[in-house]
Amino acid sequence: MTTHPVKRRPSMILEQGDALAGIPRHFKQKEPTLKEEATKKLSTAKLLSIDDMDMISLTTNFDKQMVLGLPMYLESDEEVEINDENRDDPYISSFNHYTTTTTNTHTDNCCQNSIPTDSKHFHCKSIMNFSNPFSQLSKLRSNYISNSFQDNRSNIKYDINNWLLYPKPLPKFWKFEKDERFKNEESEYDLSNPSKKIKNGFYFPQPFDEEYEKQRKQNIPYTGEYFDINHYRKENNTFRTEHGLNQSRRETRTIPSFNSFKENFEFIIEMIQNHTINSMSEKRLGYLLNKFQLYQHLKSKSEILETKQVPYRDFYNSRKVDQDLLLSGIVSQRQLSEFIWDKINYDSEKIAYCTSDGKKLRVKDFFLYDNDNSENLDIGLKLIDDDFLDWYRDIYLVTYHIIKVPDKQIETNLVGKELRYYLIAKTFLEFDNYIEGQYLAEILIKYAIHLFEKSKYQLVQISVDYQFMSKNGDDDFKENNWWMKFAKWMIKWKLISYNIRWNVQITRIYSKLFKLKMVQNFQEYLDIFFDPLFQCGDDPDLKYCLTTVCCFDVVISQSDEYLWTEFPSIDLKPKDWVANGDNPTISHYLYYIYAKLSEFNQDRFNSNRNTIILRNYCSPSISARTSQFSASDHYFTEKTESLVCNLLLCNGGLLQGESLWTAPSALEYLFYLFQIPILTAPLSSVSSHSTLVQNPHSGSLYMSNKSVESKDKNIKHSRDVTVEEQSSYRHNPFIDLVKIGFRVAISSKSVLYNSSYTLEPIIEEYSVAASIHLLSAADLCELARNSVICSGFEGFYKAHWAGVVVEEPDDSPMSETIGLYDVWYDKNEDTRIKHNVPNIRREYRVETFNQEWSFIDEHFM
């Protein structure tokens, strides 16, 4: 019998990228798949031998399992009934999975999917009414985000045509060192007429203020020097008139009530405590982690080749946004010491502080406290020592910095060294002081704004703490409140830059305010923060200030009071919550701040102004605290409560990745499915876990603390839970979050406390992450691109830096989902020239994300 041999297909060792490495992407033709080649050859062959059958690519169930990870991720089809004996156990509940042959493709805007009504597969209280709890939860989150105007389509600053960028964008090839405005007085540039050599109207320069010019002795140039609030008002009025933005809209949206929020909260708690969902989520996360490792083995060389094809763009000249840099830690320890020494040497006679009894102190007088030599400043070169840093972090930032109490009370309580520490912190690290924040403005300009503008590709959102002040009458409150002080400080010292935006942090200190008799109920706590925004909205300084504010951040830390003496009903409204000073729960804070923010955003939306989004920070140290919010039989921690609230109420994302990594697997999986932005700091925020120590006898790893020594050698691996655990990069969740596909960005947090040794802290964060975790160029560019897309910068800059827009173009290029509800579309077919993230990496992320939702839709129908 004659046979017709079939030509063997190419070896799998040879990658197709080798042959196409030098060909531009738009000239490449689509290569036929191996299956298509084999099918074509088989159709032309008359007869095959048995030996040739192994060359045929057959579609099997195993192929589907490899793509969707179907095996081992589904529990048994046997249904477990909940009886009276185990009904109260939150982990003993299940639902019946069944496999269908229909595969539903999940689009980017997954919240538009219909929700099945068949509920025979669930037997767990409130989730028993929904056959697909994931789709139900996506609908809930979309409702919360859209009705509070937090989505990107409700924010006019993402509308490129209807938002005024002021100052105007810099030229495309602008360089700091070639800007003629920054030349010294000996150059030909005329300071009296700064607009003489400005081209194309890219700036709005104004003549220097003589008083400001005298104060500027160190000659640190930056673009904000030429900002003028009067010119902004003129340009803004003209722009709004030309674009018809003075006509107010009347759109109203109703947010869910507090009772509805409680029901939705309980729905998520029951969902993440469901044993079957939790088990499936854990395995899906493991599958995604292993899938990316396999992808790296197969496609790493192709990524390198595609990265090299993009000219003039790499990680260093890609925009990187630090979305959470604290103003209280904007300067390093060495820089702060050098700045203070400069003031002692060259400005020591300046009156910098006035005591409560009218005594005026010079800069050098600060260091006479706790100093034996009253005339000679024998204080050493290290002005800012470790003792000051500990006192500043543990005492000042949580007490005197957040709450404005009378100076007389502080001066009475502090003596000696602590009084010197207070004078330094109040004068050099605060903007509300006797010198009107001059020193802090100089520090910000010299060590932050100047360096960011000089690098051009580094941008930052600076987070400033809201400081609570007592309300002394309505007339005085309109001028003497934190919002007005902050806005006037920003305008007075011209802290305006193309490279910075602002966040405002809100601290949970109702208990402390109640003890100081600054508030009488929780509603007054909310009014202190939001009333100035409604009452002083027409002030020109505050009006411009709010255009640069991106986020409100609710800070949940270990310093919050959580012991209750008269804990009332959780159904009380804020005006009725007195509780003798007991702190409301995390859910109370986040929901009612969310409700007030929704009202504020509605006013700004109808006035054609930018809206503000909500974020929250959750300290990993609160994982041991039991939440008091739930009225049912479910028990969970405050960390879980904070993450669930973030899932429902916040569109800005999570400010701490470590707390998520130790949360229930179902909650982690939801953060991936919804692509909620997560900030991590590999250098300054390592995990607080014990160090892993090798057991010489068994070869296994034991959790122990090296600082704890036991006299008994037999129990030397036990640890003392009362001793603070050491930090370790080994347990940092950063790299696993990146591999799985979470929407991760890098932040430097506090430069003062993260042991930064360079002038570019955000680059130091990236370099540490790249060194420890062996990140590739594609990984670094992907992180940088995530930081731009998830940032609060205007839509014009996102289109220019990352090539993404809110409106869907006609040619329907690639799109990505952020936070479930927001969709960013590529402006052009190929945007690699903007960010240099390989298309193969982006296609893998989008395809994997859609496959996960296809898996959910297929097995929860």
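Residues numbered from 1 in each chain as written. Predicted model: local features only at pLDDT ≥ 70, side-chain atom pairs only at ≥ 80, totals over all residues. Heavy atoms only, no water.

1. Focus: the overall build of the protein
And then number 1: Along its length, the protein carries 28 helices and 14 strands.
And then number 2: Going through the 861 residues of the protein one by one, you find that 55% of them count as buried.
And then number 3: Considering only contacts in the protein between residues 6 or more positions apart, those separated by 24 or more positions represent 76%.
And then number 4: Of the roughly 39800 Å² that the protein leaves accessible, carbon and sulfur atoms contribute 49%. (Helix = DSSP H or I, 4+ residues; strand = E, 2+ residues; numbered from the N terminus. Buried < 20%, exposed > 50% of the residue type's maximum accessible area, 1.4 Å probe, protein only. Contact = heavy atoms within 4.5 Å. Areas by Shrake-Rupley, 256 points an atom, 1.4 Å probe, with all protein chains shown as cover.)

2. Thoughts on the packing of helix α9 (residues 333–346) against helix α13 (residues 438–455)
And then number 1: Viewed as axis vectors pointing N to C, α9 and α13 meet at an angle of 125°, and their least axial separation amounts to 12 Å. What the angle tells us is that α9 and α13 run oblique. Crossing geometry of α9 relative to α13 is assigned as right-handed. Contacts between α9 and α13 pair Q335, L336, F339, D342 and K343 from the former with Y439, E442, I443, K446 and Y447 from the latter.
And then number 2: Partitioning the contact of α9 with α13 into residue classes produces five nonpolar, one polar and four charged. (Axes fitted to C-alpha atoms, helices over the stretch in contact; angles between N-to-C directions. Parallel < 35°, antiparallel > 145°, perpendicular 65-115°, else oblique. Left-handed = near helix turned anticlockwise from the far one by under 90°. Nonpolar A, V, L, I, M, F, W, Y, C, P; charged D, E, K, R; others polar.)

3. So, the pattern of salt bridges
And then number 1: Under the defined criterion, the tally for this structure stands at 33 salt bridges.
And then number 2: The residue R845 makes a salt bridge to E782 at a minimum N-O spacing of 2.9 Å. One end of the pair, R845, is in helix α28 (residues 839–859); the other, E782, is in helix α25 (residues 777–789), with 63 residues separating them in the sequence.
And then number 3: Residue classification places E782 among the buried residues on the basis of a relative accessible area of 12%. (Salt bridge = Lys/Arg side-chain N within 4 Å of Asp/Glu carboxyl O.)

4. Comments concerning α25
And then number 1: End to end, α25 covers 18 Å across 13 residues, agreeing with the expected 18 Å (1.5 Å per residue, within 8%).
And then number 2: Three or more residues of α25 are buried, namely A778, D779, L780, C781, E782, L783, A784, R785, N786, S787, V788 and I789. (Expected span 1.5 Å × (residues − 1).)

5. Topic: a negative patch on the surface
And then number 1: Residues E808, D810, D811 and E829 make up a contiguous surface patch of negative charge.
And then number 2: Take D811: it is sitting in the loop between β12 (804–805) and β13 (815–818). (Patch = residues over 30% accessible without salt bridge, like charges linked within 9 Å, V, L, I, M, F, W, Y side chains within 5 Å. Lys, Arg positive; Asp, Glu negative; His and termini not counted. Charge placed at Lys NZ, Arg CZ, Asp CG, Glu CD.)

6. Some remarks on the nonpolar core
And then number 1: Core analysis: the largest hydrophobic core is formed by 202 residues, its most contacted members being F134, W489, W502 and F552.
And then number 2: Ignoring any residue separated from it by four or fewer positions in sequence, one finds W502 in contact with L327, L444, I462, V464, F486, W489, M490, L495, T548, V549, C550 and C551. (Core = buried A, V, L, I, M, F, W, Y, C linked by side-chain atoms within 4.5 Å.)

7. Observations concerning the pairing of strand β14 (residues 822–826)
On a regular strand, one side chain projects to one face of the sheet and the next to the other, so that they alternate.
And then number 1: The buried fraction of β14 amounts to five of the five residues, a majority that puts the element mostly inside the structure.
And then number 2: Burial along β14 is two-sided: D822, W824 and D826 facing one way and V823 and Y825 facing the other are all buried.
And then number 3: Bridge count between β12 and β14: two bridges; the pairing is antiparallel. In the strand pairing of β14, V805 is matched with Y825.
And then number 4: In textbook terms, the turn of a hairpin is the stretch between consecutive antiparallel strands, and for β13 and β14 this stretch comprises three residues, one of which, G819, has a positive phi near 65°. (Pairing = 2+ DSSP bridges.)

8. Topic: the environment of K291
And then number 1: For K291, the location among the structural elements is in helix α8 (residues 275–308).
And then number 2: Distance in space between the C-alpha atoms of K291 and I740 is 8.3 Å, their sequence separation being 449 residues.
And then number 3: A polar contact of 2.8 Å, which involves the side chain of K291, links it to the side chain of Q851. (Polar contact = N/O pair within 3.5 Å; in protein donor to acceptor, adjacent residues only side chain to side chain.)

9. Points about the environment of F530
And then number 1: Mapped onto the secondary structure, F530 falls in helix α17 (residues 522–535).
And then number 2: Taking the relative accessible area as the measure of exposure, F530 reaches 0% and is therefore buried.
And then number 3: Along the chain, F530 and F600 lie 70 residues apart, while their C-alpha atoms are 8.2 Å from each other.
And then number 4: Discounting residues that sit within four places of it in the chain, F530 has contacts with F552, I593, K596 and L597.

10. A closer look at the sheet that holds β13
And then number 1: With antiparallel pairing, three strands are arranged side by side in an open sheet as β12-β14-β13. Edge strands, defined here as strands with exactly one partner in the open sheet, are β12 and β13.
And then number 2: As paired strands, β13 and β14 are joined by four bridges and run antiparallel to one another. The residue of β14 that forms the bridge with E816 is W824.

11. A short note on the pairing of strand β4 (residues 458–465)
And then number 1: Counting buried residues along β4, eight of its eight residues qualify, which places the element largely inside the surrounding structure.
And then number 2: Residues of β4 alternate between two faces, with Q458, V460, I462 and V464 on one and L459, Q461, S463 and D465 on the opposite face, all of them buried.
And then number 3: By the bridge criterion, five bridges tie strand β1 (residues 320–326) to β4 in an arrangement that is parallel. Each bridged residue has a counterpart across the sheet, and for L325 the counterpart in β4 is I462.
And then number 4: Pairing geometry for β4 and strand β5 (residues 500–507), over six bridges, is parallel. Looking across to β5, one finds that D465 is bridged to Q505.

12. Structural notes on unusual backbone geometry
And then number 1: Cis peptide bonds are those with omega within 30 degrees of zero, and the linkage from Y166 to P167 qualifies with -5°.
And then number 2: With respect to the helices and strands, P167 occurs in the loop between α4 (133–147) and α5 (210–215).
And then number 3: The phi angle at E436 is positive, at roughly 60°, despite the residue not being glycine.
And then number 4: With respect to the secondary-structure elements, E436 resides in the loop between α12 (417–428) and α13.
And then number 5: For A579, which is not glycine, the phi torsion reads 55° and is therefore positive.
And then number 6: Secondary-structure assignment places A579 in the loop between β6 (549–556) and α19 (586–606).

13. A short note on the packing of aromatic side chains
And then number 1: One pass over the full model with this rule turns up 69 aromatic pairs.
And then number 2: With a centroid separation of 4.8 Å and 40° between ring planes, the pair formed by F227 and Y544 is classed as tilted. Of the two residues, F227 is situated in the loop between α5 and α6 (229–242) and Y544 in helix α18 (residues 540–547); the sequence distance between them amounts to 317 residues.
And then number 3: Over the face of the ring belonging to F855 we find R284, whose NZ or CZ atom lies 3.8 Å from the ring centre. (Phe/Tyr/Trp six-rings, centres within 6.5 Å; stacked < 30°, edge-to-face > 60°. Lys NZ or Arg CZ within 6 Å of the ring centre and 35° of its normal.)

14. Some remarks on the confidence of the model for the protein
And then number 1: For the protein, per-residue confidence averages 78 on the pLDDT scale, and 72% of positions sit at 70 or higher.
And then number 2: pLDDT under 50 marks residues 71–125. Its contacts with residues more than four places away, or in other chains, come to 109 contacts.
And then number 3: Between residues 185–217, whose pLDDT stays under 50, and residues either more than four places distant or in other chains, the model counts 52 contacts. (pLDDT = per-residue confidence, 0-100.)

15. So, the sheet that holds strand β7 (residues 613–618)
And then number 1: Here we have five strands laid out as an open sheet, ordered β1-β4-β5-β6-β7, and parallel in their pairing. Each end of this open sheet is capped by a strand with a single partner; those strands are β1 and β7. Within this sheet the neighbouring strands show an average axis-to-axis angle of 25°, counted without direction.

16. Some points on the side chain of R240
And then number 1: Looking at the element boundaries, R240 is found in helix α6.
And then number 2: One buried charged side chain, R240, makes no salt bridge at all; its nearest oppositely charged neighbour is D538, positioned 9.7 Å away.
And then number 3: Separated by 3.3 Å, the side chains of R240 and N246 make a polar contact.
And then number 4: Contact partners of R240, with chain neighbours within four places excluded, come to L245, N246, S607, N608 and R609.

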